[in-house]
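# Residue-level structural notes
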Amino acid sequence: EQSPVLSLEDPLRDKARQISTFTVRNINSIICQTACNKKHAVGRMRLIETILDISRLSFSMFQQSPHESESLDFCALLLESWSTLWNITDEQASNCDKFVENGGLELYHETYLVCSQVRTDEQTVAFSITTLIRNMLGLMGNIAEVPHIRPQLLQDDIIYSFYVLRNYDRPYENVWDLIEIGTALQVSCPTSAQMGLTTGQ
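Given the structure is predicted, the values throughout are model-derived calculations rather than measurements. (Residues numbered from 1 in each chain as written. Predicted model: local features only at pLDDT ≥ 70, side-chain atom pairs only at ≥ 80, totals over all residues. Heavy atoms only, no water.)

## What to know about the overall build of the chain
Heads up, the rule is: Put simply, DSSP H or I for four residues or longer makes a helix, DSSP E for two residues or longer makes a strand, and each gets a number counted from the N terminus. Two residues form a contact once any of their heavy atoms are found within 4.5 Å. Computed by Shrake-Rupley with a 1.4 Å probe, the accessible areas treat only the displayed protein chains as cover when residues are assessed.
Helices and strands together make up the secondary structure of the chain, namely 10 helices and 0 strands. Mapped in sequence order, the helices and strands of the chain form the string α-α-α-α-α-α-α-α-α-α. Considering only residue pairs separated by 6 or more positions, the chain has 78% of its internal contacts joining residues 24 or more positions apart. Total accessible area on the chain stands at roughly 10000 Å², and carbon and sulfur atoms take up 52% of it.

If you want it as structure tokens, here you go:
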């Protein structure tokens, strides 16, 4: 039997989503005001694991109709979740470790596969997807800065995702994140330069 939390017909779905979005947004705001040298303490509170769980849940709903405006509510929760993960991993190797150890790269790839296929004339949807991709790439930039994690980004499917997303919808918004990722990977993976990741070509 399907969990009522995951049911599209559940009348409590919207309320749960609203509460989750509000909560994650406020957590993100607090993290943005937290000194960089204290963010590792936030990571020890299992916040990364919790935000990843919320991301998976919202993604499971979003992927059912990613082209439709009705999916925007869950896309908004995804946006907040990935923005929070981006901020909490900024210059924090231990938090980057937690992200990877708890399936973050797998969730990135699953989300990329859906987002990269979205082509819509609905401007609000297109803008939300583009912002989501920017948040995801920003987080990948944080991961790429950690030398001992960097090799895990050298998987063919992850490298290819960077190549595809460099030209998605508003490529100029992704250029700097991709330059950062490509520069970090270039020593370990010269093909990143050949793919244009370091130049935004």
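On we go from here.
## A look at the side chain of His109
Test applied: Exposure categories follow from relative accessible area, calculated using a 1.4 Å probe and restricted to protein chains: below 20% of the type maximum is buried, above 50% is exposed, and the middle band is partly exposed.
Here His109 lies in helix α6 (residues 104-115). The buried category is assigned to His109, whose relative accessible area is 17%. With residues near it in sequence (within four places) discarded, His109 still touches Asp157 and Ile158.

## Some thoughts on the nonpolar core
How we decide: Residues belong to a common nonpolar core when they are buried Ala, Val, Leu, Ile, Met, Phe, Trp, Tyr or Cys residues joined through side-chain atoms within 4.5 Å.
Within the largest apolar cluster, 46 residues are counted, with the highest numbers of intra-cluster contacts made by Phe62, Trp82, Phe99, Tyr108, Met140 and Ile143. Of all the elements in the fold, those that place two or more residues in this core are α1 (13-32), α3 (47-62), α4 (72-88), α5 (93-101), α6, α7 (123-144) and α8 (156-165). Here this core takes 10 residues from α7, the largest share from any one element. The residues touching Phe99, leaving out its near neighbours within four places in the chain, are Ile48, Leu52, Trp82, Leu85, Gly104, Leu105, Leu139, Met140 and Ile143.

## Quick notes on the environment of Val42
Structurally, Val42 can be placed in helix α2 (residues 39-43). Look at Val42 and you get buried, because its relative accessible area is 16%. The sequence separation of Val42 and Ile88 amounts to 46 residues, and the corresponding C-alpha distance is 7.9 Å. Ignoring any residue separated from it by four or fewer positions in sequence, one finds Val42 in contact with Leu47 and Ile88.

## What to know about the packing of α6 against α7
Let me state the cut-off plainly: Comment: axis = line fitted to C-alpha atoms, over the contacting stretch for helices; angle = value between 0 and 180 degrees taken between N-to-C directions. Each angle receives one of four descriptions, namely roughly parallel if under 35 degrees, roughly antiparallel if over 145, roughly perpendicular if within 65 to 115, and oblique otherwise. In this scheme the crossing of two helices becomes right-handed for a clockwise turn of the near helix relative to the far one and left-handed for an anticlockwise turn of less than a right angle. As a working rule, the residues Ala, Val, Leu, Ile, Met, Phe, Trp, Tyr, Cys and Pro are called nonpolar, Asp, Glu, Lys and Arg charged, and the rest polar, with Gly in that last group.
Running from N to C, α6 and α7 point in directions that differ by 150 degrees, and their axes come no closer than 11 Å. Comparing their axes, α7 and α6 come out roughly antiparallel. Crossing of α6 over α7 shows left-handed handedness. Taken together, the residues of α7 that come into contact with α6 (itself represented by Leu105, Tyr108, Thr111, Tyr112 and Cys115) are Ile129, Leu132, Ile133, Met136, Leu137 and Met140. In terms of residue class, the contact of α6 with α7 is made up of 10 nonpolar, 1 polar and no charged.

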